[in-house]
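# Per-entry structural report
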Amino acid sequence: MAEIGKDIARARQLLMEGHLVAIPTETVYGLAANALNEKAVLEIFKAKNRPHFDPLIVHVASIEQATTLATSFPQEAKALAKKFWPGPLTLLLPKKEIVPDLVTSGLNTVGIRCPDHTTTLQLLQSLPFPLAAPSANPFGYVSPTTPQHVNEQLGDKVAYIVDGGECSVGIESTIVGFEPAPTVYRLGGLALEILEPVSGPLHVQLHSTSNPHAPGQLLSHYAPHKKIVLGTRTQLLEHTHANAGAIVFEHILTGIPATHQIILSASGNLEEAAQHLFAALRALDKAPVDYILAEVVPDTGIGRAINDRLRRAATLQN
Ligand code: TXA
Ligand code: MG
């Protein structure tokens, strides 16, 4: 098991030496290494068992640091960064040569984001390099939103886990690219309704099973080990059973023991639901239930990203 603590100087030292450190962000915990050190980045792929065709996001302390990694910053990207950084938004920008090809999986763009977490911003500001960091989970599994989640799965692969408490957003960053036109490749912590007034109209192009090189991600992802049945309340009521678990939006379902149900937000708040989603998937994956029913949430705001994650979790099943 890894040590969990708040010692930024220790985290800094380990990262300077090329080791892996898990870091908190407002979205999910990341598994970080020096983004400009190919050897250190290779360790990330190994620890996560992540295929090399899946590129990493590079975390920076500021827009200024981002400009050291990108050859240009399109107008819309600049506007978005100014408005939403630090925040749950990753921008795909044309990469400079100093960014190793391993980080970008050979693509000519690099995903960059400035995370909104005080501790990690302090760490980034103290380092002479940016941090490559995918979510700190084994490839394909649910992202971690607490230091304990990281420790349970990657505790023996990481030198230190920086404790930043429970993530406030709870769902990964929204990914936006600009070639040939401003496009969302992953729905995430920042909703389309909030982005568009600043960026102008955005295309949405999600998942690709046939071409994992395409920005965004694989369809089957974020998956617990247990089978997930996704549906509306009415649909789910046909699948209730004493051995089932359920993740519901506001109210529990009849026909399933209440102890095996997790309410994401009793007040029907989508932000709160997003924050609790991944912990709920993990908890029911460990609970004595045979399968998990998951209720779709209203498809608006961050609710779209919640439904996207649930759909992907439900795809990869026995
Ligand atoms: O909120 C987040 O973004 C978290 C925290 C730790 O910052 N990170 C995260 O990283 O979710 P990861 O590696 O789990 O997901 C990154 C996604 C991948 O699906 C990858 O395909 C995509 O970003 N990506 C990264 N660089 C890209 C690029 N140059 N072009 C297209 N997609 C890219
Ligand atoms: Mg991930």
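Residues numbered from 1 in each chain as written. Chains lettered and ligands numbered in written order. Predicted model: local features only at pLDDT ≥ 70, side-chain atom pairs only at ≥ 80, totals over all residues. Heavy atoms only, no water.

## Describing the packing of aromatic side chains
The line we're drawing: Classification of ring pairs rests on two measures: the distance between centres of Phe, Tyr or Trp rings, Trp counted by its six-membered ring, which must be within 6.5 Å, and the angle between planes, read as stacked under 30 degrees, edge-to-face over 60 and tilted in between. Distance and angle both matter: a charge sits over a ring if NZ of Lys or CZ of Arg is within 6 Å of the ring centre and within 35 degrees of the ring normal.
Applying the stated criterion across every chain yields a total of 0 aromatic pairs. Across the ring face of Phe73, the terminal group of Lys78 is positioned such that the distance to the ring centre comes to 5.0 Å.

## As for the pattern of salt bridges
Here is the rule: A carboxyl oxygen of Asp or Glu within 4 Å of a side-chain nitrogen of Lys or Arg is what we treat as a salt bridge. For helices the rule is a DSSP run of H or I covering at least 4 residues; for strands it is a run of E covering at least 2, with both sets numbered from the N terminus onward. The rule is simple: take the accessible area with a 1.4 Å probe, protein chains only, and divide by the maximum for that residue type; under 20% is buried, over 50% is exposed, in between is partly exposed.
Going through the model one piece at a time under the given rule, you end up with 10 salt bridges. The closest approach of N and O atoms between Glu172 and Arg309, which form a salt bridge, is 2.8 Å. Taken together, the positions of Glu172 in the loop between β8 (160–162) and β9 (174–177) and Arg309 in helix α11 (residues 303–315) put the pair 137 residues apart, joining distant regions of the chain. The class of Glu172 is buried, set by a relative accessible area of 3%. The partner of Arg309 in a salt bridge is Asp308, and the shortest N-O contact between them spans 2.7 Å. Across this residue pair, the class does not change: Arg309 and Asp308 are buried.

## Notes on the sheet that holds strand β14 (residues 261–263)
This is how it is decided: Criterion used throughout: strands pair if DSSP finds at least two bridges between them. Angular values range over 0 to 180 degrees, each being the angle between N-to-C directions of two axes fitted as lines to C-alpha atoms, with helices fitted over their stretch in contact. Residue contacts are counted whenever heavy atoms from the two residues lie within 4.5 Å of one another.
Read across the open sheet, the 4 strands follow the order β12-β15-β13-β14; overall the sheet is parallel. Bordering the open sheet on either side are β12 (227–231) and β14, each of which pairs with just one other strand. Mean inter-strand twist for the sheet, computed between neighbouring axes without regard to direction, equals 15 degrees. As judged from the 5 bridges shared by β12 and strand β15 (residues 291–295), these two strands associate in the parallel manner. The partner of Lys227 across the bridge, within β15, is Tyr291. The strands that helix α10 (residues 270–286) touches are β12, β13 (244–248), β14 and β15; relative to β13, the one it contacts most, it runs at about 175 degrees. Across the face of the sheet, α11 comes into contact with β12 and β15 while running at roughly 135 degrees to β12.

## Describing the domain arrangement of the protein chain
Cut-off, in case you're wondering: Either an automatic procedure or a domain database provided the assignment from which the domain bounds are taken. Throughout this description, a polar contact denotes any pair of N or O atoms lying within 3.5 Å of each other; where both atoms belong to protein, one of them has to be capable of donating a hydrogen while the other can accept it, and for residues adjacent in sequence the pair is counted only when both atoms sit in side chains. Each residue is assigned to one class: nonpolar for Ala, Val, Leu, Ile, Met, Phe, Trp, Tyr, Cys and Pro, charged for Asp, Glu, Lys and Arg, and polar for all the others, Gly among them.
Split by domain assignment, the protein chain resolves into domain 1 (4–73 + 97–170) and domain 2 (228–314). For domain 1 versus domain 2, the separation of C-alpha centres amounts to 29 Å. Where domain 1 packs against domain 2, one counts 1 salt bridge. For the pair domain 1 and domain 2, the interface holds 6 residue pairs in polar contact (both at pLDDT 80 or more). By residue class, the composition of the side of domain 1 that touches domain 2 is 6 nonpolar, 7 polar and 2 charged.

## Here we look at the nonpolar core
The tendency in soluble globular proteins is for nonpolar side chains to be buried side by side. Put simply, the rule is: Nonpolar cores were defined as sets of buried Ala, Val, Leu, Ile, Met, Phe, Trp, Tyr and Cys residues, with membership established by side-chain atoms within 4.5 Å.
Core analysis: the biggest nonpolar cluster contains 78 residues, and Trp85, Leu91 and Ile306 have the highest contact counts within it. Here the element with the most residues in this core is α10; it accounts for 8 residues. When we break this core down by domain, the ones giving at least three residues each are domain 1 (4–73 + 97–170) and domain 2 (228–314). What Leu91 contacts, discounting residues up to four positions off in sequence, is Phe73, Ala77, Leu80, Ala81, Trp85, Val110, Gly111, Ile112, Val176 and Phe178. Core analysis: the next-biggest nonpolar cluster, separate from the first, contains 16 residues, Leu15, Ala61, Leu123 and Phe129 among them.

## What to know about the state of the cysteines
Counted only if it meets this: When two cysteine sulfur atoms are found within 2.5 Å, that pair is recorded as a disulfide.
Using the criterion set out here, one finds 0 disulfides in the structure. We note that Cys114 lacks a disulfide partner, and the nearest cysteine sulfur, in Cys167, lies 16 Å from it.

## A few points about the packing of helix α1 (residues 8–16) against helix α6 (residues 118–126)
Using the following cut-off: Any angle between 65 and 115 degrees counts as roughly perpendicular, while under 35 counts as roughly parallel, over 145 as roughly antiparallel, and the rest as oblique. In this scheme the crossing of two helices becomes right-handed for a clockwise turn of the near helix relative to the far one and left-handed for an anticlockwise turn of less than a right angle.
Where α1 meets α6, the closest approach of the two axes is 10 Å, and the angle between their N-to-C directions is 45 degrees. Between α1 and α6, the interaxial angle falls into the category oblique. When the axes of α1 and α6 are compared, the crossing they make is right-handed. Contact residues: Ile8, Ala11, Arg12 and Leu15 in α1; Thr119, Gln122, Leu123 and Ser126 in α6. Across the contact of α1 with α6, the residue classes tally to 4 nonpolar, 3 polar and 1 charged.

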